Amino acid sequence: MRLDKEKLKNLIHTIAYATRDKEGFGRTKLYKVMWFFEAKQYLVDGVNFSGAKYVRDTNGPRLHNYEKWFQELEAEGRIQCFDERHYNRSIKRVKGLRPPEPGLLSESQAQSLNYWVKVVSEMTAQEVSEMSHDYGWEIARQGDELPLSSVLAERVRDPKGEELEWAMRRARELGLP
């Protein structure tokens with residue numbers, strides 16, 4: 001699917017507005033809400049909701065070219081990006097400044113997005129990382145595109161022979177145990 005810029009920007013804006021008052025809800029959690037929402041919608045509808053690309057990042061799946069979208073949304077006065085202290089570290093916040101335009105999501109999509117906002121908001125950074133660092137994420141290289149279908153990747157058997165050798169070599173490259 002081709003990228004639908006308005007759907008993507010509205011999705012970011014909707015999440016940023018829904019989480020505007022949630023302490024500790026930084027960009028990493030925003031990306032994870034986007035990833036889980038879009039991946040699960042893909043499984044339900046068979047279509048990439050916004051057409052956005054996601055890549056493997058240290059902290060989990062991340063929106064590709066996120067800077068561009070944040071800059072556009074800030075210039076439009078829809079969001080504000082800033083650093084905020086959370087416990088003993090600084091996090092990157094994205095705050096929605098006004099309500100998003102209605103009609104972006106169907107009723108079932110809105111329920112799904114609200115679910116992911118709630119789930120991710122209530123999790124610690126460690127908990128949400130464990131959930132997003134799945135097998136599809138593990139086998140990708142840093143910066144590689146993560147197709148939404150990668151959420152379906154899982155181990156069904158132990159590798160053997162050349163496959164095991166490759167897996168061990170790849171695990172070492174990724175610094176995995």
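Residues numbered from 1 in each chain as written. Predicted model: local features only at pLDDT ≥ 70, side-chain atom pairs only at ≥ 80, totals over all residues. Heavy atoms only, no water.

### Structural notes on the environment of Trp-137
- Within the secondary structure layout, Trp-137 lies in helix H6 (residues 135-139).
- What makes Trp-137 buried here is its relative accessible area of 8%.
- Placed 13 residues apart in sequence, Trp-137 and Ser-150 show a C-alpha to C-alpha distance of 7.5 Å.
- In contact with Trp-137, other than residues within four places in its own chain, are Arg-56, Asp-57, Thr-58, Gly-60, Pro-61, Ser-132 and Leu-146.
- Looking at Trp-137, its side chain comes within polar contact range of the main-chain oxygen of Asp-57, at 3.1 Å. (Helix = DSSP H or I, 4+ residues; strand = E, 2+ residues; numbered from the N terminus. Buried < 20%, exposed > 50% of the residue type's maximum accessible area, 1.4 Å probe, protein only. Contact = heavy atoms within 4.5 Å. Polar contact = N/O pair within 3.5 Å; in protein donor to acceptor, adjacent residues only side chain to side chain.)

### Description of unusual backbone geometry
- Positive phi is not limited to glycine here, since Asn-65 has a value of about 60°.
- Among the secondary structure elements, Asn-65 is positioned in the loop between strand E2 (60-63) and helix H3 (66-75).
- In this structure, Tyr-87 takes a positive phi of about 55° despite not being glycine.
- Checked against the element boundaries, Tyr-87 lands in the loop between strand E3 (79-86) and strand E4 (89-96).

### Some thoughts on the pattern of salt bridges
- In total, this model carries 11 salt bridges according to the counting rule given.
- A salt bridge links Asp-57 to Arg-62; its shortest N-O distance comes to 3.4 Å. Assigned by exposure class, Asp-57 and Arg-62 land together as buried.
- With a closest N to O distance of 2.8 Å, Glu-122 and Lys-118 form a salt bridge. Residue Glu-122 and its partner Lys-118 are located together in helix H4 (residues 107-122), separated by 4 residues, close to a single helical turn. (Salt bridge = Lys/Arg side-chain N within 4 Å of Asp/Glu carboxyl O.)

### Here's the deal with the side chain of Gln-109
- Relative to the elements of secondary structure, Gln-109 occurs in helix H4.
- Apart from the residues within four sequence positions on either side, Gln-109 is in contact with Phe-37, Gln-41, Asp-45, Phe-49 and Leu-104.

### Re the packing of aromatic side chains
- Overall, the coordinates contain 7 aromatic pairs when judged by the stated rule.
- One Lys or Arg, Lys-7, reaches over the ring of Phe-49 and ends 4.8 Å from the middle of that ring. (Phe/Tyr/Trp six-rings, centres within 6.5 Å; stacked < 30°, edge-to-face > 60°. Lys NZ or Arg CZ within 6 Å of the ring centre and 35° of its normal.)

### Considering the side chain of Ser-129
- By the secondary structure assignment, Ser-129 is in helix H5 (residues 125-132).
- With a relative accessible area of 14%, Ser-129 lands in the buried category.
- Here Ser-129 is in contact with Lys-32 and Asn-59, once residues within four sequence places are set aside.

### A word on the nonpolar core
- Grouped together as the largest cluster of nonpolar side chains are 37 residues, with contacts concentrated most on Ile-15, Leu-30, Met-34 and Leu-63.
- At the level of secondary structure, the elements contributing two or more residues to this core comprise helix H1 (5-18), helix H2 (27-45), H3 and H4.
- For this core, the element with the most residues is H2, which contributes 8 residues.
- If sequence neighbours within four positions are ignored, Leu-63 has contacts with Leu-8, Ile-12, Tyr-31, Met-34, Ala-52, Lys-53, Tyr-54 and Trp-69. (Core = buried A, V, L, I, M, F, W, Y, C linked by side-chain atoms within 4.5 Å.)

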